[in-house]
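# An overview of the molecular structure
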Amino acid sequence: MALFPLTSTFARRALAGFAALAVPLLSGCSWQSWLGLDGKQSTFQVEGPVARDQLQLFYITCYVTFAIFIIVGAILAYATLKFWAHSDADEHAEPPPQGHGNPLVEVGLIGAAVLALVVIAIPTLKGIWYTYDVPAESKADAYEVVATGYQWWFKFEYPKEQIAGAGPLTCANELVIPAGRPVRIALRSMDVMHSFWVPKLAGKVDMIPNRANFIWLKAEHPGYFWGQCAEFCGESHAVMRFRVVALGPQEFRDWVEHQAQPARSVAAAQGALSFAHVAAAPIRAYAPNEAGVSAAYETAPLDSWRARQLPNESEDPALIARGRALFSEKTCISCHTVRGVPGAMGITGPDLTHVGARSSIAGGLLENNSEQLRRWIHNPGAVKPGNKMWVTGYLVNNIHLASDEELALVAFLQSLK
Amino acid sequence: MSSTAAAATIDHHHDPSTATGIPNKKLLMWAFLASDCMFFGCLISTHLIYRLHPPPGVPAARDVFSIELTSFSTFILLMSSLMMALAVNAIQKGNLKSLRACLATTILFGAIFLGCQVYEFSHFVSEKHLTITSNILGTTFYTLTGTHGLHVLIGVIWLASMLAYSFTGRLTEKDSIDVESMGLYWHFVDIVWIVIFTVVYLLEYL
Amino acid sequence: MADALAKPESPVGEAHAAPKALVLWRPEAKTGLISWLTTVDHKRIGFMYGVAALFFFLVGGVEALLIRLQLAVPNNNFLTAQQYNEMFTMHATTMIFLAVMPLSAAFFNFIMPLQIGARDVAFPRLNAFSFWVFLAGAVILNIGWFIHDGAPNGGWFGYTPLTTRGFSPSHSIDMWVMGLQLLGVASIAASLNFIVTILNMRAPGMTMMRLPVFTWMTLVTAFLVVLAFPAITIALIELMMDRLFGTNFFEVSNGGMPVLWTHLFWVFGHPEVYILILPAMGIISEILPTFARKPLFGYPIVVFSGACIGFLGFGVWSHHMFTTGMGTVATAAFSMTTMAIAVPTGVKIFNWIGTLWNGHLTMRTPMRFALGFIWLFMIGGFSGVMHAAAPADAQQHNSYFVVAHFHYVLIGGSLFALLAGIHYWFPLMFGRRVSEGWGKLSFWIIFVGFNVTFFPMHFLGLNGMPRRTFTYDPNMGWNTGNLIATVGAFILGVGVAVYFTVMIYTFFKGERTGSDPWDARTLEWSLPVPVPEYNYRVIPTVHARDAWWYEKRNKDEVARARAAHAPGEASHGIHMPFQSIYPLVSAVGILIGSIGVSVIDADPGPGLIGPKLAVTLAGLAVFLVGVYLWALEGNEGYHVHPEEDHP
Amino acid sequence: MTHAAAPSGHALEQSKFELFVEIAMLLAVITGIEIITVYLPFAKGLLVGALVAASVVKFLFVIFIFMHLRWDKAFCTVLFFIGLILAGGTMWALVQLFGAAASVPLSSP
Ligand code: HEA
Ligand code: HEA
Ligand code: CUA
Ligand SMILES: [Cu+2]
């Protein structure tokens, strides 16, 4: 025991494992966590009917192949051990009878294999039809969203929520859906192939240029889900992530209503533009690929997300106003839309109208807080290599931000709730 | 191996030195043609798929094509196939003179076919403004027919080399398998055109 | 020891007096560099394939270790994203096209003609050409490491539009395209040759249903190559036209459909994975009977199921595309055909076990690798069947579960069999044998290391870890699995290192063996070691399946048949093809031309022949000269009259 | 199939010349009919069927007569048809796959 102090995860898992083995009827969770299969993108702990159907089918394939493995493996092991010529004498003995085969055995085994496959094939066929599209009986209830993949972020549009003069409600990287309702998501891509994958809700479907793909899923309860682009799409494919937030009916309606509003502008006195110079500390150095999420957000992501919907406690109107101006000055507006900020109608980057209300930024890579946001706009290329924000095509945009400008932009973006 | 299989009379349909009785070169050529089926199969599929799902703005192919010219070159290629078959017949009888005449005609017909294609391409480019980059029709059309044209060109060069070789005195009845496998290639190029003529050209007129 | 291959038994060669063809140069060296560059001997070509393949296996392995190092811990930055992407692209391309395929080709070349009682392949110079073009392709693929543009980084299936010029403007993808194109040419040429050889060059009495199973699988594989590679050839041509000339095959803004690439690639890609496994199955079907000392159980069914796998393999490609939204009917159809393949594959497994049953299993190193193969391939096959259930695959696709599946079938399957084959045929090739102790040690390290590396990947995948990711966050529950996998990869690396060290040691200093050390069953073991240049002094007459086993037990009958047959042959000697430099010259031409196409920048403007066009045309010219001289030189040869010192 | 080396085969060799010419004429005629077919006022499906049938006939004539398959070992036919059938099957499957509703490209008008 000294080797594995009880506090180590290994020891805890090992203990849990023994406990699990001791109890013949494993309760659903324990063996999964023992094997460490309870991750944020686990396909075992599903929260929607599509993923559940897929999981059930996976179990069936497992049972069938495990059974075959045990039988065939046992025979193979037995044959190996039984007929092993252990001694030299054995090896030089007369060769065994030169039998050539037995058609009856062959046919029998082929039949057995076919039978086993039928057991898998039937639920497979059912599953193909079930997971393909929203079942007919709930079609009317289905909510529709359009998701578009870009290198390396996701755009989400809500065709049902049209905003006068601005087209459908648009947001990025965090897809908010109503819980308990089927959601049918049209999948598009504007550059290369991507793939839309939220393991706990549904298996993936690819986003292919010039192709009208779609996926359907349903979150049974309100929740916060991790998603990931699952088709190699270039340099930063690994960090093309996103989130799905499922909300109860009322909360969802409130959210939509709020999103439809233009960007919030923090009441700032006209004269505040002559604000005092902020003594900005230089940004701390980040190692490449350094993680950008806090423990609090980890443990209760949905609460975190809800908290972000509310305005920050202490906002400095002057700083925000400065950031708002910089947003235009520094040409951010050429790529980003912020409804309510004149001229900010760019569409090559994510819509930032309510970016402050998101729990994550940069495609779900970083937690959304002042520190990480500053890290991002300080040098996006260091966070996401090859990133298209500082680099358009293969031309470097010459955007230079001084430390205080960074802070002002951060304050402004954080205020966009 | 087959070169050592000289016998008094040459049996062109059975080669005793091989296990199947089929000469090695013939077997090689047939296997290659099987492979080439797949090659053209994929290329024709590409063309068909894009013809069935053209993006807006692609011109109707029938407005571009000229059925008269294509029918003529189809006919020419068919006739060249005939001459090729006769050439093989000739060498198998050891009739070099007839072989040369047939080969020369085959080459001539092949060259006319290529000429038609060059004319067709340049006409499409200059008159119909269809280039290989202008739209998906141009892309798949030129690639498919161009690849076929390249096969014809290789065939013509091969035929011409064989014709030249026949003047060195080294080409004899024993080498008829060389002419025969060349012939197989040439006929294959012809049947590919049979398919292309129907699929790429004729169907557009329906 | 390398010249064990070179030593002709008794080279009483004499030039052919027949009509002199137009020959510029007849290389006649039997040793030294020139002899290797101009060889047309299938054994030497096989040896060169083997050396090249093993070299590239180490290269691919080092790339794999770099991948594993990067993934050992979360948020690592040992490699940059770009380097990582180059690494897995080149790892896969190298392993598949430059290691496993050529290693199979090495066995095809070396063993298959011996097994059918032939003196060479049907077209010896074409065979040399295939090898040199293969090498040219390997060079083109790897140039990227040494130039500014970098190595290819589009993944081994190079999905468009990521690989089109718009998203990958550097030459790295051009090199990938041309490299694969050349490998395709080489493979098709070699396979046509094998097809003709197997069908036509069989010794008397060697009917199709007496062919050793390895030869059968060679034949099926050759058919797969010949019929599958054209699909990728077309796909690559289309991509290259897009990249070079701006055509619209995959240009979305003009209506191009990137998913077409996906289809064309997998029309090739799935048969390709059977190209990798069928030779392995053939090897296993040789080893098991030898070491069980009884015939293969159900030979006709094993052969038939091999052909069946090959044929069905053309009807399942879209199982790599279950998530591309093909619609229910297509998905269902491909799901069912994919499952169907488990039946013929299962037949093979059952028959291998049937072969063991009632046998006398002598557990030599090749046998251990062969048994390891059955276990691991079975596991890999089962995860394949799990993929075949399309809805379940929606979760598994492009996750580490797939990575686990294909390494089980590729390493546990193909590679284990090839490693077994090296052990098995080593005495025949080099007259030496690996020490059992070291052989078994390397087997166990590799076996353990392999499982430690790849078994956890099943769980990683099901736990949501996507493949082709250069980094991951520590909070996803993937840390332990990745660390174990990395440790496993290094154990595997040690195993591979031991394996190679022992092989190299044995090559120079190993225990000498006579011919037929395993008391084997097929014809190649009837030959003296080292195998003479002409293989068989007298072409054998085959009386039964497992010809050599039969011969050993029915000496009189065989001797009688041989006596009736030998004098005829002896009188005119053994015909040997002349060596030739032109296959190499043509391949060099192809190499130069491909460098022109793929490495050199586009010419500045129209009207003048810039460097790109100039190099390309120069390569074309060299190629044409090579081909013409090759044709004019003719397929003549000389005769040898070996002394009657052995039967 | 038939062993053409036999005496009866010799006569065949003689008549091959005429046979080849006749076949070539036939092929030319079929091509002519094909061109006319295009302008006939029948249902499109029918015409497509006719055209496909005509080119299949032409195809078979060329491979069996011009390319000698009729007189060669059956194995050559088998060999070629392996490629032909797989290629045909693949073409068919690809066209079907892209024809499915799920695969209609967004750029379709
Ligand atoms: C050597 C190579 C090899 C082999 C032999 C196989 C064999 C099989 N493969 Fe695999 N496969 C690959 C190499 C190979 N594969 C590679 C490289 C990829 C990934 C490519 C990429 O994306 O990069 C891949 C991916 C892949 C996918 C796509 C996964 C995805 O990306 O989503 C699928 C889906 O169906 C699949 C299925 C199968 C099946 C059903 C078999 C079957 O042939 C297996 C049959 C064998 C058995 C089933 C075991 C023995 C049988 C019995 C004991 C009989 C009884 C059993 C039953 C009745 C179940 N494979
Ligand atoms: C036959 C094919 C084959 C083989 C043998 C291997 C072998 C290995 N592979 Fe490979 N792999 C693929 C085919 C193969 N792989 C394919 C097709 C992909 C998909 C790529 C893609 O997504 O495009 C892939 C992807 C792939 C990945 C996923 C990358 C990703 O998706 O991000 C990983 C990760 O662990 C991996 C690991 C390994 C390891 C550890 C080995 C080990 O088995 C390697 C063992 C060998 C060694 C360890 C070498 C030993 C070296 C020495 C002893 C030192 C040498 C000394 C000198 C040179 C002097 N492979
Ligand atoms: Cu987008 Cu990967
Ligand atoms: Cu596959």
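Our subject in this report is the structure included herewith. (Residues numbered from 1 in each chain as written. Chains lettered and ligands numbered in written order. Predicted model: local features only at pLDDT ≥ 70, side-chain atom pairs only at ≥ 80, totals over all residues. Heavy atoms only, no water.)

### A short note on the overall build of chain B
Counting secondary structure elements, chain B contains six helices and zero strands. Going from the N terminus to the C terminus, chain B shows its helices and strands as α-α-α-α-α-α. Overall size of chain B, expressed as C-alpha extent along the three principal axes, is 65 × 35 × 25 Å. Relative to its full complement of 206 residues, chain B shows a buried share of 62%. Contacts in chain B between residues far apart in sequence, at least 24 positions, make up 78% of those at least 6 positions apart. With an accessible surface of roughly 6800 Å², chain B has 66% of that area assigned to carbon and sulfur atoms. Charged side chains in chain B number 10 positive and 13 negative. The centres of these two groups are separated by 7 Å. (Helix = DSSP H or I, 4+ residues; strand = E, 2+ residues; numbered from the N terminus. Buried < 20%, exposed > 50% of the residue type's maximum accessible area, 1.4 Å probe, protein only. Contact = heavy atoms within 4.5 Å. Areas by Shrake-Rupley, 256 points an atom, 1.4 Å probe, with all protein chains shown as cover. Lys, Arg positive; Asp, Glu negative; His and termini not counted. Charge placed at Lys NZ, Arg CZ, Asp CG, Glu CD.)

### Details of the coordination of the iron atom of ligand 2
Residues and elements named next belong to chain C. Around the iron atom of ligand 2, the protein contributes the donor atoms His 91 (NE2) and His 407 (NE2), at 2.0 Å from the metal centre. Around the iron atom of ligand 2 sit six donor atoms, and with donor-metal-donor angles ranging over 88 to 179° the site reads as octahedral. Of this pair, His 91 sits in helix α3 (residues 81–115) while His 407 sits in helix α13 (residues 400–430), placing them 316 residues apart in sequence. For the pair His 91 and His 407, a shared accessibility class is recorded, and that class is buried. (Donors = N, O, S within 2.8 Å, 3.2 Å for Na, K, Ca; no water. Tetrahedral: all angles 85-135°; square planar, octahedral: opposite > 155°, others 65-115°.)

### Examining the arrangement of the chains
Ranking the five pairs of chains in contact by number of contacts places chains A and C first. There is a clear gap between chain A and chain B: no contact, and 10 Å between their nearest C-alpha atoms.

### Here's the deal with the environment of Thr 38 of chain C
Residue and element names in this part refer to chain C. Assignment of secondary structure puts Thr 38 in the loop between α1 (33–37) and α2 (42–71). The class for Thr 38 is buried, based on a relative accessible area of 0%. Sequence separation between Thr 38 and Tyr 582 is 544 residues, and the spatial gap between their C-alpha atoms is 7.9 Å. Sequence-distant contacts of Thr 38, that is, excluding residues within four places in its chain, are made with Pro 27, Gln 579, Ser 580 and Ile 581. At 2.8 Å, the side chain of Thr 38 forms a polar contact with the side chain of Gln 579. (Polar contact = N/O pair within 3.5 Å; in protein donor to acceptor, adjacent residues only side chain to side chain.)

### Notes on the interface of chain A and chain C
Contacts between the two partners involve 97 residues from chain A and, on the opposite side, 107 residues from chain C. Across the chain A/chain C interface, buried area totals approximately 8200 Å², and carbon plus sulfur atoms make up 68% of it. Across the contact surface, chain A and chain C share one salt bridge. The residue Asp 473 of chain C makes a salt bridge to Arg 241 of chain A at a minimum N-O spacing of 3.3 Å. Inspection of the region where chain A meets chain C yields 29 residue pairs in polar contact (both at pLDDT 80 or more). Of all the secondary-structure elements, those providing two or more residues to the side of chain A that touches chain C are α3 (49–82), α4 (88–92), α5 (103–132), β7 (202–207) and β9 (223–229) of chain A. Among the elements that take part in the side of chain A that touches chain C, α3 of chain A stands out by supplying 17 residues, more than any other. (Buried area = accessible area lost by both parts, 1.4 Å probe. Salt bridge = Lys/Arg side-chain N within 4 Å of Asp/Glu carboxyl O.)

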